[in-house]
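A structural walkthrough
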Amino acid sequence: MKFSENWLRTFVDPALSTRDLAHALTMAGLEVEAIEPVAPAFNKVVVAEVLSVEKHPDADHLKVCQVNAGSTAGNQPLQIVCGAMNVHAGIKVPCALAGAQLPKVVIEQTRIRGVESSGMLCSARELGLEETEAGLLLLPGDAPTGVDFRDYYELDDTLITLKLTPNRADCLGLSGIAREVAAITSGMLKPLEIEPVQDRIDESLAVYVDAPDACPLYCGRVVREISLDVSTPQWMIRRLERSGIRTINAVVDVTNYVMLETGQPLHAFDLARITGGRTGAGAIHVRYAESGEMLQLLNGEDLVLQPDMLVIADEARPLALAGIMGGNESGVQQGTTGLFLESAFFSQEVIAGKSFRLGFSSDSAHRFERGVDFAATRNAMERVTNLVLDICGGKAGPITEVRNKLPQRNPIDLRLERSRRVLGITLDEATAATLLRRLQFNFSATAGVAGVFRVTPPSYRFDLAIEEDLIEELARIYGYNHIPAAFPHAKLGMLPASESVHASPQLRQILVGRDYQEVINYAFVDVSWELELAGEKAPIALKNPLSSQMGVMRSSLLGGLISNLQFNLNRKQARVRLFEIGCCFVREGETYAQPEKLAGLCYGDAVAEQWGMSARRVDFYDVKADIEALFWPALPNFEVVSHPTLHPGKSARIRLGERIAGYLGELHPRWQQKLGLPDSAVLFELDLDILLTRKLPMAAEISKFPLIRRDIAVVVEEDITVQAMLDGMQAEKSPTILEISLFDVYRGKGMENGEKSLAFRVLLQDTQKTLTDAEVDLVMTKLINILENQFGARLRN
């Protein structure tokens, strides 16, 4: 909401500077977003009249003007050389006298092409009032010659812009802002004095409200014999323009002015364009649109109306989109002599959301969807009628009013004890009553109960519904800065940290220590990611997505990491190591679950470029080591499996005990080609719930006796997995075996097709004695038998 400070001070004029006033408004919850002067500083500019214009003797594009600048120039005509195309005798314009300091230039008495020039005739751009150049700024013919232009144009003014929250629709008009300023500053409010218009014609249009819930109150009035040949008064034009509204014609300007003044949107129809309007036999219907009806709006858009759109119609067709925008065909334009004025209260539910759907908004819709004061609807009609008659002339008929069930303003009990508990300060009954009176709330003390007021919210405050709303009002007007800061007092203690839980910060630290960087992505993703990348056939769609590329909820973190990789590659980052911890979203019957996951991506060289080792690309086993570091001291198993995102021959499922913990693998070649990646990336995704659970380390006796190592080299068929062989040996291992691990794989010369050689390291140790060769040989024989019997292995020679 943008407005002129001078206009506001006609309603309430507190003894505060502009800055102090803005601070008071902000501290009361009406944030002042901007303060800017109406015009930059300049001086010695007066209203002047051009007496005569002659051609410059030495320049075709210049003219020599004789100018009357009044007593400021000694009542003697000034000679000024001017190059403006619209200069001619008889006009009145701003004139900068010699010595004037304009925003970008100082005016001096000089000679231009040999002709004396004692000043400059000014355009709006030269005075800093407009950005575009449109010739001299022409003033009305009744502008007083010789007066200071700043005073005449009221340029010693400030524009204030409020950043209103949606609940404060009562401040979308100057009268509402003035009411707030008066309450905040205890200033004297000078409310609008609106006199009812006397009926001079006995003519009206019948009004039928076919949707009473959508339009509980409708006022209409016929006005005849107006003239649009008149100009809008300069004072009104200035106030409109300083509020960001352009002038159109006198009638439309008046409706916009009253909207800014009272907060009540109004509309004027050309009476002759309403069916039956010429004869006074027409009728207005407030109804929902019928399917297929068309309406050309004032902005030129041809709109196909939907059945949930409320319209103002005559007997033949829709005339306006109720509460949003009028129709072009029934709009007021040059030649209009009769009006049908509308002032109505439309329910918020009917107007809300329509602007978003239509792709445009309007000042009316902005107010109606937040709530308009239904008690001021008729007064606004009287105000707009008065101004139309004063400016355009004419004769007004009686107001046709259709009133249905209006919103109820239910009383609210305000307990001062509750206020004390919420605010932390004690307000006695006298102080609370004074604050409520400053807010102009109707209230009464509850009989027989001390410290309780029954407050009826005013019709313009739709945001007051519960006791806490009234407590907030008391705090606002009392002043937040008057509420002492009370530091919290609480006992602090260390929270227990279970050793059986791997906290998320620990996992982050492990990955950061292994050269990963954390990212945070949106949980909203492109539907193609879910369908193709995550293999989710029924992604969870959003009802109101931020954009078409963010239409569904993610079930996997991998899509975001791949997008991060593309972003980095586009910026010449050749080595990328990223991880993310975040929620994913999956269906569970009729509800949704939000499992947390940890995902990572590696691309490029395994280590940063250096002189100590040659460069090599990161591979499956590098990332496998990172995953094992996350699970340590637990040992996860890796099983061959297919995944829609991963390479079919270079991917694995990660299992911890009987639970599936996640997936690991290189990016599928199909995706690598589709994304245009020079090399493949290695990705993993883990279930955070499984990852956070860990076994407690168990203390064991340290042996004093020597460690014995024996190796087993066997030949097996290619399709037998190492993990299966390790599991088989672990299941039957002796207590003296400390470790069984693979240390060599061989394929090549000496091996038949479909075979491979595996070498296992076996470490043995006893805590009570030194193992003998016979005891070691017995253990090794058992292991070899397991490999031969279960896996068809044979010892390699």
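Every chain is numbered independently, its residues counted from 1 as its sequence is written. A pLDDT threshold of at least 70 governs which residues receive local features in this predicted model, and a stricter bar of 80 or more applies before side-chain atom pairs are shown or counted, although totals over entire chains, interfaces and linings include all residues. The side-chain values count all of the structure's non-hydrogen atoms but skip hydrogen atoms and water molecules.

Here we take up unusual backbone geometry. Note that the residue after Trp632, namely Pro633, is joined by a cis bond; omega there is 10°. Starting at the N terminus, helices and strands are each numbered in turn, a helix being any DSSP run of H or I of at least four residues and a strand any DSSP run of E of at least two. Looking at the secondary structure, you find Pro633 in the loop between α17 (620-631) and β33 (637-640). For Glu154, which is not a glycine, the phi torsion comes out positive at approximately 55°. Along the chain, the position of Glu154 falls in the loop between α3 (149-152) and β10 (158-163). Phi at Ser186 takes a positive value of approximately 60°, unusual for a residue other than glycine. Within the fold, Ser186 resides in the loop between α4 (174-185) and β11 (206-209).

What follows concerns the sheet that holds strand β25 (residues 517-518). Note on pairing: two strands pair once DSSP finds at least 2 bridges between them. Across the sheet, which stays open at both edges, the seven strands sit in the order β25-β29-β32-β36-β35-β34-β33 with mixed pairing between neighbours. Unpaired on one side and paired on the other, β25 and β33 mark the two borders of the sheet. In this description, contact between two residues means that some pair of their heavy atoms is separated by no more than 4.5 Å. Axes here refer to lines fitted to C-alpha atoms; in helices the fit is confined to the stretch in contact. Angles between the N-to-C directions go from 0 to 180 degrees. Those strands touched by helix α14 (residues 504-513) are β25, β29 (576-583) and β32 (596-603), and its axis lies near 170° from that of β29.

A few words now on the nonpolar core. Here, the term nonpolar core denotes a set of buried Ala, Val, Leu, Ile, Met, Phe, Trp, Tyr and Cys residues that are joined through side-chain atoms within 4.5 Å. Only protein chains enter the accessibility calculation, which uses a 1.4 Å probe; a residue whose area is less than 20% of its type maximum is buried, one above 50% is exposed, and one in between is partly exposed. Counting 119 residues, the largest nonpolar core has Leu8, Tyr218, Ile284, Ile312, Leu321, Phe340 and Phe346 as its most contacted members. Excluding residues that lie within four positions of it along the chain, Ile284 makes contacts with Leu205, Ala206, Val207, Tyr208, Tyr218, Ile274, Ile312, Ala313, Leu319 and Phe340. Membership of the second largest hydrophobic core comes to 28 residues, among which are Leu511, Ala634, Val682 and Leu686.

It is worth spelling out the sheet that holds strand β20 (residues 339-345) at this point. The four strands lie next to each other as β13-β20-β12-β21, forming an open sheet whose pairing is antiparallel. Strands at the two margins of the open sheet, each flanked by one partner only, are β13 (266-270) and β21 (395-403). Each strand axis lies, on average, 20° off the axis of its neighbour in the sheet, ignoring direction. Pairing between β13 and β20: five bridges, direction antiparallel.

To continue, consider the pattern of salt bridges. We define a salt bridge as a contact between a side-chain nitrogen of Lys or Arg and a carboxyl oxygen of Asp or Glu at a distance within 4 Å. Summed over the entire model, instances satisfying the criterion amount to 54 salt bridges. Between Glu401 and Arg403 there is a salt bridge, and its shortest N-O distance comes to 3.0 Å. In this structure, the salt-bridge partner of Glu639 is Arg655, at a minimum N-O distance of 2.9 Å. Of this pair, Glu639 sits in strand β33 while Arg655 sits in strand β34 (residues 646-656), and the two are 16 residues apart along the sequence. Glu639 gets classed as partly exposed once you look at its relative accessible area, which sits at 25%.

Two rings belonging to Phe, Tyr or Trp (six-membered ring only in the last case) form a pair when the distance between their centres is within 6.5 Å. Interplanar angles under 30 degrees mark stacking, angles over 60 mark edge-to-face geometry, and anything in between is tilted. Within the structure shown, the criterion is met by 12 aromatic pairs. Measuring from centroid to centroid gives 4.9 Å for Phe149 and Tyr153, while their planes differ by 25°, and the two rings are stacked. Of the two residues examined, Phe149 and Tyr153, each falls in the buried class. Among the aromatic side chains, those forming a connected cluster through ring pairs are Trp7, Trp235 and Tyr257. Over the ring of Tyr603 we find Arg617; its NZ or CZ atom is 5.6 Å from the centre of that ring. In our convention, an over-ring charge means Lys NZ or Arg CZ found within 6 Å of a ring centre and within 35 degrees of that ring's normal.

This part is about helix α13 (residues 467-478). A helix is expected to span 1.5 Å for every residue after the first. Between its first and last C-alpha atoms α13 spans 17 Å; for 12 residues at 1.5 Å apiece the expected length is 16 Å, and the two agree. Within α13, nine of the 12 residues are buried, leaving the element largely enclosed by the surrounding structure. Its buried side turned inward, α13 meets α4, β22 (412-415), α11 (416-423), α12 (429-438) and β24 (452-456). Downstream of α13 by one or two residues, Gly479 has phi in the positive range, about 110°.

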